Amino acid sequence: MSGILNSSIGRKFAMALSALFLMVFLLQHFTINILSVFSPDTFNEASQFMGTFWAVQYLLQPVLIFGVIFHFVMGFVLEIKNNRARAVGYAKSNGSANSTWMSRNMIWSGGFILIFMIIHMIDFWVHEMNVKYIAGDMTGLINPEDPTSGYRYYEELVVKFQPIWRVVLYCVGFIFLALHLLHGFSSAFQSVGANNKYTKGLKGFSKVYAIGVPLGFIFIALYHHFN
């Protein structure tokens, strides 16, 4: 593994794989969250399942955390390496003429997304870890002593999106995510060698994903705030 990461191509390939993995997770995360708009009960059931099923908690969750850390660390490493290369390359060519604004500023959009993710994890993930593994409450109920009180996930989600500052933060965060994905999605496919007759279709799909999923999350935040 270390030998692969020592080469520029290897680092880009590993970065692309981690990006594709995170995009699959993001789609799954959106699918569950959009249920809160159409069916609070289904959202509660799905959240309770994801929060208590052993394979999700003890296998997928650690892999996801590793994938997030790896992706951001590798992104910063690639940026440092690219900046060193540009110090020589810019003397010969104008880099901005051969690249888009999004590709040149991936590190900045990625940095803001990292800050946004930390706040998001404090809002939801840290809270869940505290309730489940510190307080020891795996019931998911509003009142653990009352089986008829119902699951707490929908209620907590709605309460989180009442403050306008949090809604604005989430909207801005997902706008940056859309900008990041607009370049990152197609770049990831290119890095893993997906340049063939399906390239045009992949680019079209990447644009739909990069704009549609973040817009969907923004819609969820605004919906719960105004309702």
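All figures in this text were calculated on a predicted structure; none of them were measured in a lab. (Residues numbered from 1 in each chain as written. Predicted model: local features only at pLDDT ≥ 70, side-chain atom pairs only at ≥ 80, totals over all residues. Heavy atoms only, no water.)

1. Quick look at helix α7 (residues 153–160)
Here α7 has its buried residues at Y153, L157 and V158. Axial view of α7: buried residues confined to an arc of 130°, hence all on one face. Here the buried face of α7 lies against α2 (8–38), α3 (40–52), α6 (106–134) and α9 (199–226). (Buried < 20%, exposed > 50% of the residue type's maximum accessible area, 1.4 Å probe, protein only. Helix = DSSP H or I, 4+ residues; strand = E, 2+ residues; numbered from the N terminus. Arc of directions from axis to C-beta. Contact = heavy atoms within 4.5 Å.)

2. A closer look at the packing of α6 against helix α8 (residues 164–191)
Where α6 meets α8, the axes come as close as 9 Å, and the angle between the chain directions of the two elements is 135°. On the basis of the axis angle, α6 is oblique to α8. With respect to the hand of their crossing, α6 and α8 are arranged in left-handed fashion. For the pair α6 and α8, the contacting residues are M106, S109, G110, F112, I113, F116, I119, H120, D123 and F124 in the first and R166, L169, Y170, V172, G173, F174, F176, L177, H180, H183 and G184 in the second. A per-class count over the contact of α6 with α8 returns 12 nonpolar, seven polar and two charged. (Axes fitted to C-alpha atoms, helices over the stretch in contact; angles between N-to-C directions. Parallel < 35°, antiparallel > 145°, perpendicular 65-115°, else oblique. Left-handed = near helix turned anticlockwise from the far one by under 90°. Nonpolar A, V, L, I, M, F, W, Y, C, P; charged D, E, K, R; others polar.)

3. Quick look at α6
Of all the bends in α6, the greatest measures close to 45° and is centred on M121. Looking only at α6, the buried set comprises M106, I107, S109, G110, G111, I113, F116, D123, E128, M129, V131 and K132. Looking one or two places after α6, you find G136, whose phi comes out positive at around 75°. (Bend = angle between axes of the 7 residues up to and from the residue.)

4. Re the environment of F226
Mapped onto the secondary structure, F226 falls in helix α9. For the pair formed by F226 and F161, sequence separation is 65 residues and the distance between their alpha carbons is 9.0 Å.

5. As for the nonpolar core
Among the nonpolar cores identified, the biggest contains 36 residues, and M23, L26, F174, L181, Y209 and F217 are the most heavily contacted of them. Those elements that provide at least two residues to this core are α2, α3, α4 (54–89), α6, α7, α8 and α9. Among the elements that make up this core, the one with the highest residue count is α8 (10 residues). Ignoring anything within four residues of it in the chain, the contact list for L26 reads L177, L181, Y209, V213 and F217. By size, the runner-up hydrophobic cluster in this structure holds five residues, among which are A14, F70, M74 and L78. (Core = buried A, V, L, I, M, F, W, Y, C linked by side-chain atoms within 4.5 Å.)

6. Remarks on the packing of aromatic side chains
Overall, the coordinates contain 13 aromatic pairs when judged by the stated rule. Counting every residue linked through ring pairs, the aromatic cluster contains F30, F116, F161, Y170, F174 and F217. (Phe/Tyr/Trp six-rings, centres within 6.5 Å; stacked < 30°, edge-to-face > 60°.)

7. Things to note about the side chain of S206
On the secondary structure map, S206 appears in helix α9. At a separation of 2.7 Å, a polar atom in the side chain of S206 contacts the main-chain carbonyl oxygen of K203. Excluding residues that lie within four positions of it along the chain, S206 makes contacts with F185 and S186. (Polar contact = N/O pair within 3.5 Å; in protein donor to acceptor, adjacent residues only side chain to side chain.)

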